[in-house]
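Results of the structural survey
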Amino acid sequence: MYGVLTSNSTLVREDIGSVAYYIADEVSGRRRAPIEGIINSVACWGDTKAVRDDPSRAARTEGGTRALPTVDGHHWGTVCPTDPDYRMELLDRIEAVGNIGAVRLTTPGFPGSEFCRCDRCERQFATSAFDDWQAWRTETITQFVREASTRVDGDLIVTLYPDPYPGNLRERTGLNPQRLVPHVDGFLVPLCSISYETTYWVESLAGGFARELGDFDVSLMIQLSASEATIERLVDITRQIDPYADAVVYGTDEDSVDTIREVIHRCRTAEPLSPIV
Ligand SMILES: [Zn+2]
């Protein structure tokens, strides 16, 4: 299955592929009205506006580094996942969007392996049933996704950081895909580049996730970006990852839409390849 992922409210309605993802919420803090009948994304904790308005809401490390867009390795601001007011507002937003269809959660989890060591997180961990900090973080995120799943009428899709090496996602973000399986319908993994000068890593990562999730009844969607990639290159990558993915979705805007239409047309009419591993 092939589809598009876009923040353009016109393109997303054009039936360019079989599935359409709409970027309703951006990590900048910008919110758009969700659209009925497609998969709307809701940013979880990635919210530059919120931490600019109140930097004390940002997740932080033991050394006091805050998850702000001005800090190395952080491209946007991230609110602490245990902020109770933000959590409630986020669940309300997920419910409002989930009332009209499927929801994709973006930027779920802690913004890095050293986060969050704010006073509230330290207190919650100290009074929890967990001795292990990683286990507490994982439980915190798992419970949030479980709660979110009860508020969505359609499918719930969770975005995963593109690192399928066993244990790495849990350590980095607090997301344990196997723990989330009972609460979600699928996972979306962004494997974005500007032009895909090399492609071996796309196939490797897609294969890794397929193996990691292979025993579970969940869908695996792979997102490819397309800003400077040729039609031929995108078709080639798609054919390499097709055996692993239930759907391939392409980041699409007005400049790339003709390319994406042609890529989807060619992929739909091509003979399937077998997995390499
Ligand atoms: Zn915290």
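The structure we're discussing is the one just above.
Residues numbered from 1 in each chain as written. Predicted model: local features only at pLDDT ≥ 70, side-chain atom pairs only at ≥ 80, totals over all residues. Heavy atoms only, no water.

What about the overall build of the protein chain?
Going by this rule: Every helix listed is a DSSP run of H or I at least four residues long, and every strand listed is a run of E at least two residues long, numbered separately from the N terminus. As defined in this context, the radius of gyration uses C-alpha atoms, and a globule is described by 2.2 Å times the residue total to the power 0.38. Here the term buried applies to any residue with accessible area under 20% of the maximum for its type, exposed to any over 50%, and partly exposed to those in between, with areas from a 1.4 Å probe on protein chains only.
Counting its regular elements, the protein chain contains nine helices and eight strands. Compactness check: the protein chain gives a C-alpha radius of gyration of 19 Å against a globular reference of 19 Å for 277 residues, within 12% of the reference. Overall, the protein chain is about 55 × 40 × 35 Å in size when its C-alpha atoms are taken along their principal axes. The buried share of the protein chain, taken over its 277 residues, is 51%.

Quick notes on helix 9 (residues 257-269)
Note the following rule: Expected helix span is computed as 1.5 Å times (number of residues minus one). What the arc describes is the spread of directions from the helix axis to the C-beta atoms. In this description, contact between two residues means that some pair of their heavy atoms is separated by no more than 4.5 Å.
Between its terminal C-alpha atoms helix 9 stretches 19 Å, which fits the 18 Å expected from 13 residues at 1.5 Å a residue. If you check which residues of helix 9 are buried, you get Val257, Thr259, Ile260, Val263, Ile264 and Cys267. Angularly, the buried residues of helix 9 cover 150° about the axis, an arc narrow enough to put them on a single face. Opposite the buried face of helix 9, at more than 90 degrees from it, the exposed residues are Asp258 and Thr269. For helix 9, the elements touching its buried residues are strand 1 (2-6), helix 8 (231-241) and strand 8 (247-251).

Observations concerning the packing of aromatic side chains
Each aromatic ring pair is specified by the distance between its two centres and by the angle formed by the two planes. What counts is decided by this rule: Only Phe, Tyr and Trp rings are paired, with Trp represented by its six-membered ring, and only when their centres lie within 6.5 Å; those with planes under 30 degrees apart are stacked, over 60 edge-to-face, the remainder tilted. Here, a charge over a ring means that NZ of Lys or CZ of Arg falls within 6 Å of the ring centre while also lying within 35 degrees of the ring normal.
Inspection of the entire model under this criterion finds four aromatic pairs. Between the aromatic rings of tyrosine 196 and tryptophan 201, the centroid separation amounts to 6.0 Å while the plane-to-plane angle is 20°, which identifies the pairing as stacked. By way of ring pairs, the aromatic residues Phe110, Phe125 and Trp136 are connected into one cluster. Just above the ring of tryptophan 133 sits the side chain of arginine 137; from NZ or CZ to the centre is 4.9 Å.

Things to note about helix 7 (residues 200-213)
The end-to-end C-alpha distance of helix 7 is 20 Å, a good match for the 20 Å that 14 residues give at a rise of 1.5 Å each. Those residues of helix 7 lying buried are Val202, Glu203, Ala206, Gly207, Phe209 and Leu213. Projection of helix 7 onto a plane perpendicular to its axis shows the buried side chains occupying an angular sector of 165°, all on one side. Turned more than 90 degrees from where helix 7 packs its buried face, Tyr200 and Arg211 sit exposed.

Here's the deal with the pairing of strand 3 (residues 39-43)
We apply this condition: Whether two strands pair comes down to DSSP finding at least two bridges between them.
For strand 3, the tally of buried residues reaches five of five residues, placing the bulk of the element in the interior. On strand 3, burial covers both faces: Ile39, Ser41 and Ala43 on one face and Asn40 and Val42 on the other are all buried. Two elements, strand 2 (residues 19-22) and strand 3, share two bridges in a ladder whose sense is parallel. Each residue of the ladder has a partner; that of tyrosine 22, found in strand 3, is asparagine 40. Where strand 3 lies against strand 4 (residues 103-106), four bridges are found, and the strand directions are parallel. Paired with asparagine 40 across the bridge in strand 4 is valine 103.

As far as function goes, none of this settles anything; it's purely spatial.
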